[in-house]
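Observations on chain architecture
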Amino acid sequence: MGIKLENVTKIYTTGEVETYAVKNINLQVDNGQFIVLLGPSGSGKSTLLNVVSGLDNPTSGMIQIDDDLVSAMDSKQLTKFRRDNLGFIFQQYNLLQTLSVKENVEVGREVSTNPFTVEEVLSQVGLTPQTDKYPYQLSGGEQQRVSIARAVVKNPKIMFCDEPTGALDEETAKEVLGVLQKLNQTYQTTVVLITHNPSIGAMADRIIKLNSGEVIEDIINKNKVDAKEISWG
């Protein structure tokens, strides 16, 4: 099954002005796909991610993830649904500075009903040697990998990534993208990644281009490349 959107619209109202952040989107994403949502700033990428993941409610339309009708849930149901099914990675690492790498990842594990072991996930993201270090002792790329590990350890159905490489240099960004690609392949986790960098689309199964809140192109990528082979734009 996966993710299904029917006529999803999100309107923000300021005074008498209505702004369509997302406009009448119909979309289906299969389980295990690596999706890149691509578009300029203000194109509706983050809004779309927020309504699909239940961080925000659509103004109208239907959102379904597997057998769950997300668009019909109240805030309490959404909180539980996100906790049980979804992982989130943002541009900010949001690590707890007073906890070690292992302890930060354990925070993610504790909220899951079917988690992986911390050791397995730290190994997958290449952080085993840093297990007992604290965030201030890590590079930006390592900190982002800790935030990925914390999201992955839950064993989520879907990983939502909002500009996860936005604050990183090219080499580090490719390392982080490589980790996401490996996790997608290893665990068959569906990945939905937002970016304004067209180059990142080369590693995805599908590139969905947005502009002014609408899907303007939906491209199946038949020639996926490894993250480290992306030619950085």
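Structural data are supplied above this passage.
Residues numbered from 1 in each chain as written. Predicted model: local features only at pLDDT ≥ 70, side-chain atom pairs only at ≥ 80, totals over all residues. Heavy atoms only, no water.

What about the packing of helix α5 (residues 140-152) against helix α6 (residues 170-187)?
Condition: Axes here refer to lines fitted to C-alpha atoms; in helices the fit is confined to the stretch in contact. Angles between the N-to-C directions go from 0 to 180 degrees. Where helices and strands are cited, they refer to DSSP runs of H or I of at least four residues and of E of at least two residues respectively, numbered from the N terminus. Relative orientations are named as follows: roughly parallel for angles under 35 degrees, roughly antiparallel for angles over 145 degrees, roughly perpendicular for angles from 65 to 115 degrees, and oblique for any other angle. Helix crossings fall into two classes, left-handed where the near helix is turned counterclockwise from the far one by less than a right angle and right-handed where it is turned clockwise. Any two residues whose heavy atoms approach within 4.5 Å are treated as being in contact. Residues are grouped as follows: Ala, Val, Leu, Ile, Met, Phe, Trp, Tyr, Cys and Pro are nonpolar; Asp, Glu, Lys and Arg are charged; every other residue, Gly included, is polar.
Running from N to C, α5 and α6 point in directions that differ by 20 degrees, and their axes come no closer than 9 Å. Classed by the angle they form, the pair α5 and α6 counts as roughly parallel. Where α5 crosses over α6, the handedness of that crossing is right-handed. Across from G141, Q144, R145, I148 and V152 in α5, the residues of α6 making contact are T172, E175, V176, V179, L180, L183 and Y187. The class makeup of the residues in the contact of α5 with α6 is 7 nonpolar, 3 polar and 2 charged.

What about the pattern of salt bridges?
How we decide: Here, a salt bridge means any Lys or Arg side-chain nitrogen found within 4 Å of an Asp or Glu carboxyl oxygen. Each residue is assigned to one of three classes by its accessible area relative to the maximum for its type, calculated with a 1.4 Å probe on protein chains only: buried under 20%, partly exposed between the two thresholds, exposed over 50%.
One pass over the full model with this rule turns up 12 salt bridges. Salt-bridge contacts for K10 lead to D56; the nearest nitrogen and oxygen are separated by 3.3 Å. One end of the pair, K10, is in strand β1 (residues 3-14); the other, D56, is in the loop between α1 (45-52) and β4 (60-65), and 46 residues separate them in sequence. Classification of K10 by relative accessible area gives buried; the value is 10%. You can call D56 partly exposed: its relative accessible area is 22%. For K102, the salt bridge identified is with E119, shortest N-O distance 3.7 Å. A residue pair is termed long-range when its members are at least 10 positions apart, and K102 in helix α3 (residues 101-110) and E119 in helix α4 (residues 118-124) qualify at 17 residues. One salt-bridge network, in which partners are shared between bridges, spans K80, R83 and D84.

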